[in-house]
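# Descriptive analysis of the structure
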Amino acid sequence: MAGRSRVFERLDELYAIGGGPGANRPLRSAEEDEAHALAAGWLRDAGLEVEVDPDGNLLGHSKRRPDVWAGSHLDTVPQGGKFDGALGVVAAIEAVERTGAGSVVVFRGEEVGCVGSTARAARGPLPAAFLELHIEQGPRLAYADAPLGIVTGVVGVSRGDIVVDGTAGHAGTTPMDARDDALVKAAGEILRIRETATTIDGAVATVGRLTIEPGAANVIPSRVTIAVDARAPDRERCQRLIEAIGVEPYYRTAPADMDERLRALLRDEVEARGLPVVELASGAGHDAAILAAAGVPSAMLFVRSLNDGVSHSPDELSSEEDVALAADVLASVLSRL
Ligand SMILES: [Zn+2]
């Protein structure tokens, strides 16, 4: 039996940093630094000219078309998976080394709001094109029986708080019909938010955190702050969603369309391998969206997730076969630019 591919060996090496369980390489941690140092070594081994920009992003330039970038990120969520970000970096090194064209880029801190790519977009210089290969992080390609997917665009993300007020009271002496319980009202709000998202095609909304005041087991809650994360595929639907939910976002990313020409090249290479062409929007934010919003023609190639699309988890998985196909498509597109 053939040995593990170099891509998978490198993913294992990155995953081993910090010792687990799962991948733990948050922005500006010793582990993220170690991952960047490891990748810098691979870039040098590939004969690329290594650059670390003032914001800590790592680049490796080949001599032909160094203005075409391919890459992703090496930071992770706590107890993250082996593939998110890392796959896009390792596959990009493979593709650039194989074709002798393009540059590899490793952005800092994607998981905490695309810190590195946002800084680079503000500071420049920016590439003529950007390609990001990424694990899908969802089950749609598996449902479609397709190893690869071409991303049409990246959803816009809005986050904001809804505050619900009530009146604090003694949990034992306040009769049920005399209560103004903020958490009970918040429960209704959460259901309403969920219902609202289902009325807009392609939209999703999540309540992932509640802050309950005063937060004691024997006190009726006086105030609840509901953290809302709302996403939709285009500006119009993003706006409609946040208005319908009634949240004032403190954080907002614009939805980003992927570049038509790059998408056509990806479609072409996927088709040439006899694979089904599946196009899908990305529900997760990515560095490619930041670059696209900054005017860089950008595209993303998704690799099928196994294990029902689980992600941000040690159970995140793609097959060696699918990954090899994806790296191959990336290399072919690079060589055509
Ligand atoms: Zn990622």
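Scroll up to find the structure this text is about.
Residues numbered from 1 in each chain as written. Predicted model: local features only at pLDDT ≥ 70, side-chain atom pairs only at ≥ 80, totals over all residues. Heavy atoms only, no water.

## Notes on the overall build of the protein
Each helix and strand in the protein was counted, giving 10 helices and 15 strands. A globule of 337 residues ought to have a C-alpha radius of gyration of about 20 Å, and the protein, at 22 Å, matches this closely. Over its C-alpha atoms, taken along the principal directions, the protein stretches across nearly 75 × 45 × 40 Å. Split into buried and exposed, the 337 residues of the protein put 50% on the buried side. Sequence separation of at least 24 residues holds for 77% of the intrachain contacts in the protein that already meet a minimum separation of 6. Here the protein holds 33 positive side-chain charges and 51 negative ones, and the gap between their average locations is 3 Å. (Helix = DSSP H or I, 4+ residues; strand = E, 2+ residues; numbered from the N terminus. Rg over C-alpha atoms; globule rule 2.2 N^0.38 Å. Buried < 20%, exposed > 50% of the residue type's maximum accessible area, 1.4 Å probe, protein only. Contact = heavy atoms within 4.5 Å. Lys, Arg positive; Asp, Glu negative; His and termini not counted. Charge placed at Lys NZ, Arg CZ, Asp CG, Glu CD.)

## A few points about the packing of aromatic side chains
For the structure on display, the rule yields three aromatic pairs. With a centroid separation of 6.5 Å and 50° between ring planes, the pair formed by W69 and F107 is classed as tilted. One end of the pair, W69, is in strand β3 (residues 64-73); the other, F107, is in strand β4 (residues 101-107), with 38 residues separating them in the sequence. What makes W69 buried here is its relative accessible area of 4%. When the ring of F107 is compared with that of F130, the centres are 5.8 Å apart and the planes differ by 75°; the resulting orientation is edge-to-face. Of this pair, F107 sits in strand β4 while F130 sits in strand β5 (residues 129-135), placing them 23 residues apart in sequence. One exposure class covers both F107 and F130, and it is buried. Ring pairs connect the aromatic residues W69, F107 and F130, which therefore count as one cluster. (Phe/Tyr/Trp six-rings, centres within 6.5 Å; stacked < 30°, edge-to-face > 60°.)

## Considerations on the environment of I17
Summarising the element assignment, I17 is placed in the loop between α1 (6-16) and α2 (30-45). Taking the C-alpha atoms as reference, I17 lies 37 Å from D268; in sequence the two are 251 residues apart. In contact with I17, other than residues within four places in its own chain, are E31, E34, A35 and L38.

## Looking at the coordination of the zinc ion
Ligation of the zinc ion by protein atoms is provided by H73 (NE2), D84 (OD) and H134 (NE2), these donors lying 2.0 to 2.2 Å from the ion. Read N to C, the donor residues that coordinate the zinc ion are spaced as H-x10-D-x49-H. Separated by 11 residues along the polypeptide, H73 in strand β3 and D84 in the loop between β3 and α3 (86-99) bring together distant segments of the chain. Judged by its relative accessible area of 0%, H73 is buried. Judged by relative accessible area, which is 5%, D84 ranks as buried. (Donors = N, O, S within 2.8 Å, 3.2 Å for Na, K, Ca; no water.)

## A short note on the sheet that holds strand β7 (residues 156-165)
On the basis of which strands lie adjacent, the open sheet formed by four strands has the order β9-β11-β7-β12 and antiparallel pairing. Here the strands that pair on one side only, and so sit at the sheet edges, are β9 (204-213) and β12 (251-253). Across the sheet, the axes of successive neighbouring strands diverge by a mean angle of 20°, strand direction being ignored. Relative to β12, β7 runs antiparallel, the two sharing three bridges. Bridging from a neighbouring strand, S158 pairs with R252 of β12. The strands that helix α6 (residues 182-198) touches are β7, β9 and β11 (223-232); relative to β7, the one it contacts most, it runs at about 150°. (Pairing = 2+ DSSP bridges. Axes fitted to C-alpha atoms, helices over the stretch in contact; angles between N-to-C directions.)

## Some details on the side chain of R108
Note that R108 resides in the loop between β4 and α4 (115-123). By relative accessible area, which is 14% here, R108 ends up buried. In this structure the side chain of R108 is engaged in a polar contact, spanning 2.8 Å, whose partner is the side chain of E32. Within the structure, the side chain of R108 is placed 2.9 Å from the side chain of D33, a separation counted as a polar contact. When sequence neighbours within four positions are dropped, the list of residues in contact with R108 reads L27, E32, D33, H36, D55, G56, N57, D75, V115, G116 and S117. (Polar contact = N/O pair within 3.5 Å; in protein donor to acceptor, adjacent residues only side chain to side chain.)

## Some thoughts on the pairing of β7
The pairing of β7 with β11 spans 10 bridges and is classified as antiparallel. Along β11, the bridge assignment pairs D161 with A227.

## Here we look at the pattern of salt bridges
Within the structure shown, the criterion is met by 29 salt bridges. Taking the shortest distance from any N to any O, the salt bridge between R65 and D67 comes out at 2.9 Å. For R65, a relative accessible area of 34% corresponds to the partly exposed category. Across the pair R336 and D268 runs a salt bridge whose closest N-O atoms are separated by 2.8 Å. In this pair, R336 is assigned in helix α10 (residues 320-336) and D268 in helix α8 (residues 260-272), connecting sequence segments 68 residues apart. Taking relative accessible area as the criterion, R336 reaches 40% and is therefore assigned partly exposed. (Salt bridge = Lys/Arg side-chain N within 4 Å of Asp/Glu carboxyl O.)

## Some remarks on the packing of α8 against α10
For the pair α8 and α10, the least separation of the axes is 9 Å and the interaxial angle reads 130°. As far as their axial angle goes, α10 and α8 are oblique. As α8 packs across α10, the resulting crossing turns out to be right-handed. Listed contacts from α10 to L265, L266, D268, E269 and V270 of α8 are V329, S332, V333 and R336. Its residues assigned to classes, the contact of α8 with α10 comprises five nonpolar, one polar and three charged. (Parallel < 35°, antiparallel > 145°, perpendicular 65-115°, else oblique. Left-handed = near helix turned anticlockwise from the far one by under 90°. Nonpolar A, V, L, I, M, F, W, Y, C, P; charged D, E, K, R; others polar.)

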